[in-house]
Every structure is written in C-alpha cells, then in structure tokens.
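Structural characterization, general
Next come the chains, spelled out residue by residue.
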Amino acid sequence: MSWQPVIGLEIHIHLKTRTKMFCRCELAYGLDANTRTCPICLGHPGTLPVPNARAIEWTIKLGLALGCEIADRAIFHRKNYFYPDLPKGYQISQYDEPLCRHGRLLVPGPEVDAEVGIVRAHLEEDAAKNVHVGGAAGRIHGAGRTLVDFNRGGTPLVEIVTRPDLHSADEARRFLQLLRQTVVELGISDAEMEKGSLRFDVNVSVRPAGSDELRTRTELKNMNSFAFAARGIQREVDRQIGIYEAGGEVEQETLHFDPDHELAPPLRSKEEAQDYRYFPEPDLVPLAPPRQLVERLRKEIPEPPGARIRRFESQYGLRFYDAEVLNGSVALAELYERVVSAGVDAKAASNVLMNEFARTGVEPGAVDAVELAKVIEARARIPRDRFNEALAGSGDPGFDAERYLGDGLVVETSELEPLVERVLAANEKEVAAYRAGKRGLLGFFVGQVMRETGGNADARVVNELLRTKLDA
Ligand SMILES: [Zn+2]
C-alpha cells in the first residue's frame, strides 16, 4: 500500500512595528533583560491596553497577501492560562472572530503545484521569554532555575494556521520559504528563526493514498530551521507508516525534535485538551477595518513570490528550480529582470546569476543592472579571471564595467589573423616541421600567439585559426 503524508502548519511571526502591541514600549531584540517594560506589558492592575494601529494594518496586509477575507468585525479575546511568562494570567489573542480567514497560498513545485488553504491569520501579543539557567543549552531539562525576560512580552504576533493541504516534507519546506519571503517583502517582519521572530509547529499524519480520511496526527515542535523541519517531517512520516504497516495505531502526541540527535522523544504522551476559558476582552472595542483602508492596503501588496516563480518559468522559459533560486530574494529577482531587460539572454543571465555571481557574495540589491549586463554580455570575450573580478566588483558604488572590459577585451578574430600570420612567418622552420608531420608543434604556435596578445585571446579561436593556416 502507498501512503500520503498530510501536513498542516501553525506559524507565528513577530511584526517589526516600532512599539509593542498594547503599550508604547519599544520593541528590542538582544538588549539587557527587562529594559523595555512598563506597567501595561507587566500586567499591573488598573492598566488598560491600547492597540497598535500599525500592527492591525500589517496583519490585514498579510491577510490580503494570503488571499484572505478581511473581517468587517474582529474581536480580541482573553486566552487564560497560568505561566510565569504571562504576567496578566491571560494573553490577548483572537478566537472565533479573527481579522483574516479563508485564504490560500500558491506553492509552485517541480511537478505539481500545491494550493494551501489558510484557515486564519490573527493578531495577538507574544508572551515573555523564559530563560532556563543551569541546564544544557538553555533547555528546561536539568535547569536549576528559570528567569523571565519581559522585553519580548507584548510583541505583536501574527498566528497563521493552514489547512492540512501539504503532502510532502519538501512541499512544507517550500511553503515556509514562500511565506517567510512574503512577510519579508511586505516589510512587516524580519522573520528570522534564529531571533525567534518566525516560529512554527507542524501537524503530521498519514493516510492510504487516494483516501481523504484524516487519521491521528502528531505535533512537531521546536523546529529551528526549514531544512531541519523537512528532515523531521520525513522521519515522522516514515515512523507513522511503520506503525500502521506493523498493524499498530499512531498515538496523538507532541514531539520535540532534538537538533543534535534528530530523535523525537514525547514531551507529553497524552495531549491534554487545554481549557483556556476564552472570553471577549472587555477593555477593547471590536475592530472594524474601514473598506477604504482595506482597499488601499490591497493596492500596496507586491506580486506574491509563488506567482513570480510561475511567471519566471513562462516569461523567461526557465526551469522550475532556476526560477525558484532566482526568486530566493526579491532583490535577486529584480536584478535578474533588469539584466534581461538590458538585453542579456534570459538563460545566460540566469546561469551567471545563479553560479559565478552567487559565488561572489555580492548583495544583488547593490548592483547596477545595466553595468552588470555589460559584464555578462562580455563573458565569452574576456578571460575567465577578469570576468570573475568584474562580477565581484559589481556591487561597488560607481562600478564601471568598462574598467574591466575596455582595455582588456579579448583580441577580436579579425585582429588575430595578422598576428597569426606574423608568428608563422617568424617561425618558418617550425612551420615546415609541422607540415611534415610534427603535429605536436601546434602548442608551440598557440603559445607564441598568446604571448603576442598578452594572454588576452581565446585559446580555442587561436587554435582554430592556426590549424586553418597550417593545414591550408
Ligand atoms: Zn510596555
């Protein structure tokens, strides 16, 4: 029997607004602990939350980019639970009336595209950060005590929940990359996993291929990179298939992936259904985004990265993988399009940008596309090392392609001919020997001609020219 993985994601993204969600503390990352706090985000009695208008606009923007319906009325709820990172004893979140729902994101693939349903995208505040001291690598296991840094508490956080529409580990990885790129290009988050500004959990189950049942799923937590997540998902899929094929049943549980060992020891064997006693936040009025605002924001949405990959394939005749690499960042995608519109062949431009240019580490956003186009056009005419030098310099301010190409242009074939004649005339004895059968002398002639050009000739062309003359 063959099996189909069924994968859903829940993603949390920090918005990079200047201030927190419900108070005026500035957002800060990496500062001394508890230096960005106030009575509101510390949950002192008698304080009142004031919502961050920009965070609301940005959540609507993200919802629009994900093809969501934007609610006419959305409300904040209190999600009650007791934990040291939550000074109020509840988190202000959204529950049954979120800002955005019913969206979808196109995830182009090498063979099939996935269209991933977005169940909802809502706005909430992040909890503070627990720092476990004394254990290994900040983990709770073996820690002597736990400290709380409230700088993060109250950071605007968008939660995105997908439908279980992803059917392979690789598809899940591509979805996450496109989603990350979407928020970065919207300018609403830096979405960096190492900073914790993008975090996600994965739900995984499997079913017999062709069926549409939903079997028991497990939840994978603590993923710290997309590649790692893809590996973790694949292992979990294989594990579940193994259980079913051995006649067993998958148990609902939360698995915690250990980056070093890639093992999945259960954190809790039984999933407790938590009762958060949600109720509407009495200190905040419902949100009613005006239609004009939504329409204005809709106009600000850039082309979604998934759609851009598809367009690159059809407009420039690129393979999927090339289109995907070139769309790895909007700066690279834009540079590619400008280089092509400056006249460079679409295939040649993609080859150079993905290979030699990528190896230089030059920031695509810093490059003058017209100058770079000149360099790429000259690729066949100039020596390899000079070409690479020109690419490496292409990000410098005021970069001038002529400086690399001007005096160093490979001698044109028309200029080579007299040179070749001269070399042959000056070496009559060798010419006679060659014609008598000493073919190995060809290298000698090539060397002579190359020396005359100062090494600036295409050795293949010189070879051919010499052969035509010598064999004539
Ligand atoms: Zn505050």
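Everything below is about the structure printed above this text.
What comes next is a walk through the structure.

Criteria and thresholds
All residue numbers refer to positions counted from 1 along the written sequence of the respective chain. Local features in a predicted model are, by the rule used here, given only for residues with pLDDT of at least 70; side-chain atom pairs are given and counted only at 80 or more, and totals for whole chains, interfaces and linings are based on all residues. Strand pairing is assigned whenever DSSP identifies at least 2 bridges connecting the two strands. A run of H or I in DSSP becomes a helix once it reaches four residues, and a run of E becomes a strand once it reaches two; helices and strands are each numbered from the N terminus. Here, expected helix span is obtained from the residue count minus one, scaled by 1.5 Å. Counts of 20 or more other C-beta atoms within 10 Å of a residue's own C-beta define buried residues, counts of 12 or fewer define exposed ones, and intermediate counts define partly exposed ones; C-beta atoms are placed from the backbone. The contact criterion used here is simple: two residues whose C-beta atoms, placed from the backbone, lie within 7 Å are in contact. Fitted lines through C-alpha atoms serve as axes, helices being fitted only where they are in contact, and the angles separating the N-to-C directions of these axes extend from 0 to 180 degrees. Any angle from 65 to 115 degrees is called roughly perpendicular, while one under 35 is roughly parallel, one over 145 is roughly antiparallel, and all others are oblique. Rotating anticlockwise by less than a right angle from the far helix to the near helix defines a left-handed crossing, while the corresponding clockwise rotation defines a right-handed one. Each residue is assigned to one class: nonpolar for Ala, Val, Leu, Ile, Met, Phe, Trp, Tyr, Cys and Pro, charged for Asp, Glu, Lys and Arg, and polar for all the others, Gly among them.

Note that strand E2 (residues 69-70) and strand E5 (residues 100-107) share two bridges and pair antiparallel. Bridged to glutamate 69 within E5 is arginine 101. Pairing of E5 with strand E6 (residues 114-125) involves seven bridges; the strand directions are antiparallel. The partner of arginine 104 across the bridge, within E6, is glycine 117.

Another point: helix H1 (residues 53-65). Between its first and last C-alpha atoms H1 spans 19 Å; for 13 residues at 1.5 Å apiece the expected length is 18 Å, and the two agree. In terms of burial, H1 is largely enclosed, as 10 of its 13 residues are buried. Turning to H1, the residues buried within the fold contact E2, E5, E6, strand E9 (156-162), helix H2 (169-186) and helix H4 (291-299). Two residues or fewer after H1 comes glycine 67, characterised by a positive phi angle close to 70°.

With that settled, consider the packing of helix H12 (residues 413-426) against helix H15 (residues 459-471). One can describe the packing of H12 onto H15 by two numbers: an axis separation of 10 Å at closest approach and a directional angle of 55°. Viewed along their axes, H12 and H15 adopt a mutual orientation that is oblique. In this structure, H12 meets H15 at a crossing whose hand is right-handed. Across from Thr413, Leu416, Glu417, Val420 and Leu424 in H12, the residues of H15 making contact are Val461, Val462, Leu465, Leu466 and Lys469. Here the residues of the contact of H12 with H15 are counted per class, giving seven nonpolar, one polar and two charged.

So far we have only geometry, and geometry alone does not tell us how the molecule works.
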